[in-house]
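Fold and geometry: a report
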Amino acid sequence: QVQLAESGGGLVQAGGSLRLSCAASGITFSINDMGWYRQPPGKQREWVAVIRSGDSTNYADSVKGRFTISRDNAKNTVYLQMNSLKPEDTAVYYCNSVTPYRLGGYEYWGQGTQVTVSS
């Protein structure tokens with residue numbers, strides 16, 4: 001079955017950095033679009049970044065210039081490098097995978113990893 005396993009979350013001071021990883025199994029990783037979402041405390045889940053199968057990327061305005069999404073197809077892993085972290089980045093971060101529409105457009109989620117940024 002499909003599994004997306006996030007890691008790398010933790011507690012960091014404002015201005016610091018973290019790198020999240022998401023290891024995928026059970027999917028043809030290289031053809032899927034991979035993304036990161038987050039859910040701040042008491043708020044709805046929001047989109048953070050996406051890297052498509054062709055390696056194009058997009059970012060939410062709130063993280064543009066601070067976060068970088070990347071993927072390693074040989075390791076079936078997607079990363080989120082987070083720099084210049086702010087307290088408002090505090091959230092549970094979720095990995096997301098979407099198969100191509102022509103193959104059904106199935107969407108999968110990881111279990112989430114907590115990121116806490118202290119001021």
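Provided above is the structure to which this section pertains.
1. Some points on the sheet that holds strand β7 (residues 67-72)
Overall, antiparallel pairing links the four strands, which are arranged β1-β3-β8-β7 in an open sheet. Two strands in the sheet have a free side with no partner beyond their single neighbour: β1 (3-7) and β7. Averaged over all neighbouring strand pairs, the angle between strand axes comes to 15 degrees, with direction disregarded. Summarising the sheet, strand β3 (residues 18-25) and strand β8 (residues 77-82) pair through six bridges and their orientation is antiparallel. Bridge pairing in β8 links Ala23 to Thr77.

2. Thoughts on the pairing of strand β9 (residues 91-98)
Burial within β9 is extensive, with six of its eight residues counted as buried. Relative to β9, strand β4 (residues 33-39) is paired through seven bridges, and the arrangement is antiparallel. Within β9, the position partnered with Gly35 by the bridge is Asn96. One ladder, built from three bridges, connects β9 with strand β11 (residues 113-118); its direction is antiparallel. When the bridges of β11 are listed, Tyr93 appears paired with Thr113. Here β9 runs beside strand β10 (residues 107-109); their pairing, made up of three bridges, is antiparallel. Counted as the bridge partner of Val98 is Glu107 from β10.

Rules and cut-offs
Residues numbered from 1 in each chain as written. Predicted model: local features only at pLDDT ≥ 70, side-chain atom pairs only at ≥ 80, totals over all residues. Heavy atoms only, no water. Pairing = 2+ DSSP bridges. Helix = DSSP H or I, 4+ residues; strand = E, 2+ residues; numbered from the N terminus. Axes fitted to C-alpha atoms, helices over the stretch in contact; angles between N-to-C directions. Buried < 20%, exposed > 50% of the residue type's maximum accessible area, 1.4 Å probe, protein only.

Honestly, it's all geometry; don't read function into it.
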